[in-house]
Structures are given as structure tokens and as C-alpha cells.
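Commentary on secondary and tertiary structure
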Amino acid sequence: QGYYITNGRIMAPNGSDFTFMQYRRVMDQATTLLNAAATKFINTTVRTNANGTIFEVDARKIEKNIYAYMFGNMRQDVSDIKVVVDRNNNVYQTLTINITANVQPFGYAKYINLTIGFAPVQVVSV
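Residues numbered from 1 in each chain as written. Predicted model: local features only at pLDDT ≥ 70, side-chain atom pairs only at ≥ 80, totals over all residues. Heavy atoms only, no water.

Next up on the list: the nonpolar core. Grouped together as the largest cluster of nonpolar side chains are 18 residues, with contacts concentrated most on Ile66, Met70, Met74, Val78 and Ile81. When residues of this core are assigned to their parent elements, the largest contribution, six residues, is made by helix α2 (residues 56–74). Leave out the neighbours within four places in its chain, and Ile66 touches Leu34, Ala37, Ala38, Phe41, Val83 and Ile99. (Core = buried A, V, L, I, M, F, W, Y, C linked by side-chain atoms within 4.5 Å. Buried < 20%, exposed > 50% of the residue type's maximum accessible area, 1.4 Å probe, protein only. Helix = DSSP H or I, 4+ residues; strand = E, 2+ residues; numbered from the N terminus. Contact = heavy atoms within 4.5 Å.)

Structure representation (C-alpha cells):
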């Protein structure tokens with residue numbers, strides 16, 4: 001009696017990355033961790049190039065720091081995380097660092113195809 005939920009669908013439109021609850025939970029966790037890691041850099045100094053863009057060494061430092069924090073807290077939930085600091089934004093003028101994080105979740109086997117049969121009989125002539 002009652003219901004047994006086998007797939008936690010979240011009613012996302014066709015083609016959405018958020019088909020199942022597992023993906024929504026992963027993204028919620030990633031968002032929380034990215035926000036926590038990135039806000040540590042508010043009011044910190046970063047070196048800039050002559051055109052106002054972030055200095056490469058500082059951009060890499062931010063990427064590595066955020067990656068380490070996120071992956072360290074999500075390694076049981078994701079295959080990989082990629083963090084990229086925008087090197088084209090004029091940080092000097094905009095006072096803004098643009099950071100993008102992409103999360104590669106685990107795949108979830110919802111279906112399994114099986115094949116079974118008899119091995120062919122080999123006839124031996126004597």
C-alpha cells in the first residue's frame with residue numbers, strides 16, 4: 001500500500017541538467033561551497049596588469065584555493081570540479097573578480113541492459 005518513489009524527479013523541463021534530486025542536491029552543495037570559498041576574497045588585494053586585468057599568478061591562486069575547498073568537501077559527490085577566474089575582466093575598474101565553477105557529478109545508472117544466451121555448441125568429429 002502507498003507509494004514507492006524510485007526516481008526523485010524534480011519536474012524540470014526536458015533537456016535540463018536537473019532531472020533528478022541527486023543533481024539538485026549536488027548543485028545546492030556546490031553553490032554553498034563556492035559562495036563560502038569565493039567570499040574569502042572580498043576586500044583582498046590582487047595584483048593587476050597594465051590593462052587592469054587580474055595578474056595570472058593571483059588568478060591561479062584563487063582558482064586553486066576555491067577548487068581545493070570545494071573538491072575537498074565534495075569528493076564523495078562529484079567526479080571533478082573546474083574553477084576559472086576571468087582573465088579579461090578589468091578588475092581595477094569594475095572592482096569585481098568573475099569566477100565560474102563547473103561541477104561534474106557522478107553518473108547514476110537508472111537502467112541496465114542485460115544480454116544472456118546459450119553458448120554455441122561445438123560439434124567435434126571423431
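Right, let's talk about the pattern of salt bridges for a bit. Scanning the entire structure with this criterion turns up five salt bridges. Among the ionic pairs, Arg24 bridges to Asp28, the shortest N-O distance being 2.9 Å. Pair noted here: Arg24 and Asp28 are both in helix α1 (residues 21–38), with a separation of four residues, about one helical turn. Residues Asp58 and Arg47 are paired through a salt bridge, measuring 2.8 Å at the closest nitrogen-oxygen approach. (Salt bridge = Lys/Arg side-chain N within 4 Å of Asp/Glu carboxyl O.)

Quick look at the confidence of the model for the protein now. Counting all residues, the mean pLDDT for the protein is 92, and 99% of those residues have values of 70 or more. Mean pLDDT values over the elements of the protein span from 95, in α1, up to 98, in α2. (pLDDT = per-residue confidence, 0-100.)

Before going further, it helps to spend a moment on the packing of α1 against α2. Interhelical geometry of α1 versus α2 gives an angle of 145° and a closest axis separation of 9 Å. α2 is crossed by α1, and the crossing has right-handed handedness. Note on element contacts: α2 touches α1 through Ile66, Tyr69, Met70, Asn73 and Met74, opposite Val26, Gln29, Ala30, Leu33, Leu34, Ala36, Ala37 and Ala38. Looking at side-chain class alone, the contact of α1 with α2 contains eleven nonpolar, two polar and no charged residues. (Axes fitted to C-alpha atoms, helices over the stretch in contact; angles between N-to-C directions. Left-handed = near helix turned anticlockwise from the far one by under 90°. Nonpolar A, V, L, I, M, F, W, Y, C, P; charged D, E, K, R; others polar.)

Time to look at the environment of Asn89. Relative to the helices and strands, Asn89 resides in the loop between β1 (78–85) and α3 (91–94). Linking Asn89 and Ile54, residues 35 residues apart in sequence, is a C-alpha distance of 7.6 Å. Once you skip the residues sitting within four places of it in the chain, Asn89 turns out to touch Gly52, Thr53, Ile54, Thr94, Thr96, Ile97 and Asn98.

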